[in-house]
Amino acid sequence: MSSVTQLIILAAIALYLFFRLRNVLGTRDGFEGGSKMQRGITIDQPGRVVTPVEPEIDPEILKHVERESDAAKALMAMSQVDQSFSIVEFIDGAGKAYEWILTSFAAGDVDDLEQYLSEDVFRTFKQTVEERDNSKKVHTEFVALLDKSIRDAKFDSDSRQAEIEIEFQSELLSYVLDEEGTVVEGSNTRAKRQRDVWVFARQMDSNDPNWVLIATGT
């Protein structure tokens, strides 16, 4: 066999091997110099850990509760379910509700409060009014709301039920008049300080924006 024939055979073998390797390994086009990446190729990264990003807590919430507290987490969960929920508007509304409910209860006008009270609270208010001595007239005049602060908050992610506990500090004129109009209890000139702890509840995925008073205490 001549040397020329041997060279031709070797060249053919080399060309055959080149195309076989090219089919198996592919080309490097798409990985050099930032050029296009080939489709259908994936790279496993077993050591990579993806950490979900927690939503930032509303700074208004942090004005009322500690950042790492369960109350802060509950309030944040409420705002995620109902994006219209505002802690600022809630506290303002709770203060107005506190004044209205107190004065209505003192005047005996509890029927107007029914839709804003739980069944248990409404029943207690109604019974207390009915058991009052009708020969004496109770007066409660709201002087000032000195402070209102969130003591606790809870949220059930399954039922979407939210509860917020608020402490109120207020000044009231509270007194009782007899049939002749004489003050027989309390004072109609000197305000007294009062502390109340109320719990409001709401279904956060409900179309009803109103909160309901479900518990009262001091």
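Residues numbered from 1 in each chain as written. Predicted model: local features only at pLDDT ≥ 70, side-chain atom pairs only at ≥ 80, totals over all residues. Heavy atoms only, no water.

Asks: I'd like to hear about the overall build of the chain, residue by residue, with values.
Replies: Helices and strands together make up the secondary structure of the chain, namely four helices and five strands. Starting at the N terminus, the α and β elements of the chain follow one another as α-α-α-α-β-β-β-β-β. Counting only residues that meet the buried cut, the chain has 26% of its 218 residues in that class. Taking contacts inside the chain between residues at least 6 apart in sequence as the whole, the part at least 24 apart equals 56%. Of the roughly 15300 Å² that the chain leaves accessible, carbon and sulfur atoms contribute 49%. (Helix = DSSP H or I, 4+ residues; strand = E, 2+ residues; numbered from the N terminus. Buried < 20%, exposed > 50% of the residue type's maximum accessible area, 1.4 Å probe, protein only. Contact = heavy atoms within 4.5 Å. Areas by Shrake-Rupley, 256 points an atom, 1.4 Å probe, with all protein chains shown as cover.)

Asks: Report on the environment of Glu-180, specifying residues and quantitative values.
Replies: Inspection of the secondary structure assignment puts Glu-180 in the loop between β2 (161-177) and β3 (183-186). Remark: the alpha-carbon pair of Glu-180 and Lys-136, spanning 44 residues in sequence, is separated by 9.4 Å.

Asks: A description of helix α2 (residues 70-81) should follow, citing residues and the corresponding values.
Replies: The α-helix winds at 3.6 residues per turn, so residues separated by three or four positions along the chain end up facing the same way. Across its 12 residues, α2 extends 17 Å between first and last C-alpha, which sits within 8% of the 16 Å expected from 1.5 Å per residue. Considered for burial, the residues of α2 that qualify are Ala-71, Ala-72, Ala-74, Leu-75, Met-76, Ala-77, Met-78 and Ser-79. Packing partners of the buried residues in α2 comprise α3 (87-107), β1 (137-156) and β2. (Expected span 1.5 Å × (residues − 1).)

Asks: Account for the pattern of salt bridges, naming residues and giving values.
Replies: As enumerated under the stated definition, the model contains nine salt bridges in all. The shortest N-O distance in the salt bridge between Asp-82 and Arg-202 comes to 3.0 Å. Linking Asp-82 in the loop between α2 and α3 with Arg-202 in strand β4 (residues 192-203), this pair joins segments that are 120 residues apart in sequence. This pair shows no difference in class: Asp-82 is buried, exactly as Arg-202 is. Two residues, Arg-123 and Asp-120, come together in a salt bridge whose shortest N-O distance is 3.0 Å. Taken as a pair, Arg-123 and Asp-120 lie in helix α4 (residues 119-130) at a separation of three residues, close to a single helical turn. A network of salt bridges, in which partner residues are shared, links Arg-151, Glu-165, Glu-167 and Arg-195. (Salt bridge = Lys/Arg side-chain N within 4 Å of Asp/Glu carboxyl O.)

Asks: Could you give an account of α3, with specific residues and numbers?
Replies: Compared with the 30 Å implied by 1.5 Å per residue over 21 residues, the 30 Å span of α3 between its first and last C-alpha is a close match. Within α3, burial applies to Ile-87, Phe-90, Ile-91, Ala-94, Gly-95, Tyr-98, Ile-101, Leu-102, Ser-104 and Ala-106. Close packing links the buried residues of α3 with α2, α4, β1, β2, β4 and β5 (212-217). Backbone geometry just downstream of α3 places Gly-108 in the positive-phi region, at approximately 85°.

Asks: Describe in detail the environment of Gly-181, supporting the description with residues and values.
Replies: Along the chain, Gly-181 turns up in the loop between β2 and β3. Separated by 44 residues in sequence, Gly-181 and Lys-137 have C-alpha atoms that sit 8.5 Å apart.

Asks: Tell me what's going on with the side chain of Ser-118, and back it up with residues and numbers.
Replies: Structurally, the position occupied by Ser-118 is in the loop between α3 and α4. Once residues within four sequence positions are removed from consideration, Ser-118 is found in contact with Val-212, Leu-213 and Ile-214.

Asks: Lay out the packing of aromatic side chains in plain terms, naming residues and giving numbers.
Replies: The full count for this structure, using the stated rule, is 11 aromatic pairs. With 4.2 Å between their ring centres and 10° between their planes, Tyr-98 and Phe-168 make a pair best called stacked. Of this pair, Tyr-98 sits in helix α3 while Phe-168 sits in strand β2, and the two are 70 residues apart along the sequence. On the basis of relative accessibility, which here comes to 0%, the residue Tyr-98 falls in the buried class. Following the ring pairs from residue to residue traces out a cluster consisting of Phe-85, Phe-90, Tyr-98, Phe-142, Phe-168, Trp-198, Phe-200 and Trp-211. Taking the ring centre of Phe-105 as reference, the NZ or CZ of Arg-132 above it sits at 4.9 Å. (Phe/Tyr/Trp six-rings, centres within 6.5 Å; stacked < 30°, edge-to-face > 60°. Lys NZ or Arg CZ within 6 Å of the ring centre and 35° of its normal.)

Asks: Quick one: what's the story with the pairing of β3, residue by residue and with numbers?
Replies: Sheet analysis places β2 next to β3, joined by three bridges and oriented antiparallel. Bridging from a neighbouring strand, Leu-177 pairs with Val-183 of β3. Where β2 folds back onto β3 in an antiparallel hairpin, the turn is made up of five residues, including Gly-181, whose phi is positive at roughly 85°. (Pairing = 2+ DSSP bridges.)

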